[in-house]
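Coordinate analysis (summary)
Letter by letter, the chains look like this.
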Amino acid sequence: MRSVRGKLLLLSAVLIATAGCATSEEWNTWYTHRTHFASYEHLGFSVRNTEGSSPKVTRKDIQLARDEGWWGKAITVSQEQMLER
Amino acid sequence: MSGKRLVAVVALVALTAGVAIAAAPTDRVLPAHEYTTEKARALASAHVHALQELSAGIYHCWPWVDVPRNGIGFYRPRGAQQDDRHLSTRISIEQEPSPAFASLRFEERATAMFSRYIPPLLRRMTKDPNVAADPKLDGFTAIVDWPKPAPRGTGRPVSETIAVFIDKASALEFLSGRGDIKTLPSHARVLGFDGETPLGQITLGPAWDDNFVATFKVANYQLEPGVVCN
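Residues numbered from 1 in each chain as written. Chains lettered and ligands numbered in written order. Predicted model: local features only at pLDDT ≥ 70, side-chain atom pairs only at ≥ 80, totals over all residues. Heavy atoms only, no water.

1. Side note on the overall build of chain A
When helices and strands are counted, chain A shows three helices and one strand. Secondary structure elements in chain A, listed N-terminal to C-terminal, are α-α-α-β. Every one of the 85 residues in chain A was classed for burial, and the buried ones make up 28%. The contacts of chain A with a sequence gap of at least 6 include a subset with a gap of at least 24, amounting to 43%. For chain A, the accessible surface area stands at approximately 5600 Å², while carbon and sulfur atoms represent 56% of it. (Helix = DSSP H or I, 4+ residues; strand = E, 2+ residues; numbered from the N terminus. Buried < 20%, exposed > 50% of the residue type's maximum accessible area, 1.4 Å probe, protein only. Contact = heavy atoms within 4.5 Å. Areas by Shrake-Rupley, 256 points an atom, 1.4 Å probe, with all protein chains shown as cover.)

2. Here's the deal with the state of the cysteines
Residues and elements named next belong to chain B. Applying the stated criterion across every chain yields a total of one disulfide over all chains. Disulfide pairing places C61 opposite C229 at an S-S distance of 2.0 Å. Across the S-S bond of C61 and C229 the torsion is about -90°, and the bridge reads as left-handed. On the criterion of sequence distance, the pair formed by C61 in helix α4 (residues 48–61) and C229 in the segment after α9 (212–215) is long-range, its members being 168 residues apart. (Disulfide = S-S within 2.5 Å.)

3. A look at the packing of aromatic side chains
Enumeration according to the criterion identifies six aromatic pairs over all chains in this entry. With centroids separated by 5.0 Å and ring planes inclined at 85°, the aromatic side chains of W64 of chain B and F216 of chain B adopt a geometry described as edge-to-face. Of this pair, W64 of chain B sits in the loop between α4 and β1 (65–66) while F216 of chain B sits in the segment after α9; the two residues are 152 residues apart in sequence, bridging distant segments of the chain. Here W64 of chain B falls in the buried class, since its relative accessible area comes to 1%. Between F106 of chain B and W146 of chain B, the aromatic rings sit 6.1 Å apart at their centres with planes inclined by 20°, giving stacked as the arrangement. Taken together, the positions of F106 of chain B in helix α6 (residues 106–125) and W146 of chain B in strand β4 (residues 139–147) put the pair 40 residues apart, joining distant regions of the chain. Residue classification places F106 of chain B among the buried residues on the basis of a relative accessible area of 11%. A relative accessible area of 0% means that W146 of chain B is categorised as buried. Among the aromatic residues, those joined into a ring-pair cluster are W64, F212 and F216 of chain B. If you follow R59 of chain A out to its NZ or CZ, it ends over the ring of Y59 of chain B, 4.1 Å from the centre. (Phe/Tyr/Trp six-rings, centres within 6.5 Å; stacked < 30°, edge-to-face > 60°. Lys NZ or Arg CZ within 6 Å of the ring centre and 35° of its normal.)

What follows is the structure, given as structure tokens:
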């Protein structure tokens, strides 16, 4: 688990270091590839891999990863600011 | 077919048909008794099954997306002068934004998220034709949250949000193929939020076709038995 965390931290550091202002080339790259997300690595925390079997991710695993609060609960607008019952 | 066998077949069909709903959380849909007007309660009662199917479909088929509690319902846009009722769905995208996405301006990120999620959400929200055909329904609202790009370790994460309000005629015209994805944002009212801070009504650029939702696969994700995504 520690080595996975270490790799993720390293990955994050690289991503942050390479992030900057958008150039038209970067925008074109995003537009062309349309890959919004850098990774989905956090799911690995909830995947139980056993030797000799391929890893499987269920919807419950994803929910557990979310509930564990990998990012922490985000500050966000309340529904009441946009909608009424 | 014997009576016992018929009962068994009916039970099996009922059981398998309900797999998707049974396995998904049911608290994502606002219960009918929690609305403040009779019109909303009538809509909620008439289409409860369709809304649970909508919730279950997002839960199973877009596993990287979360719908908060009471995130789906027949809500009224805040400040509406009359009892306009929209089928509303709120989704949170909880993946880490790429550096290229992070480098865009808010309006550009909002346009990208609009292009990616509003068309497929509208399609999911109208999967049951009876909902859109209900004369009590006035429009559609889609609320999309995503993580505000920020370096890790800079405090509590913040979401950016767009709330997209589209009248029923414009939404159905687009879904029928008569409307153009490029001009869809111009038929919508879009509010932006930075965390809890309202940014007011924002103007999006032209949207584009984005097949991410249809093609993205979470690595090694396994659908629960009986669930079909299309």
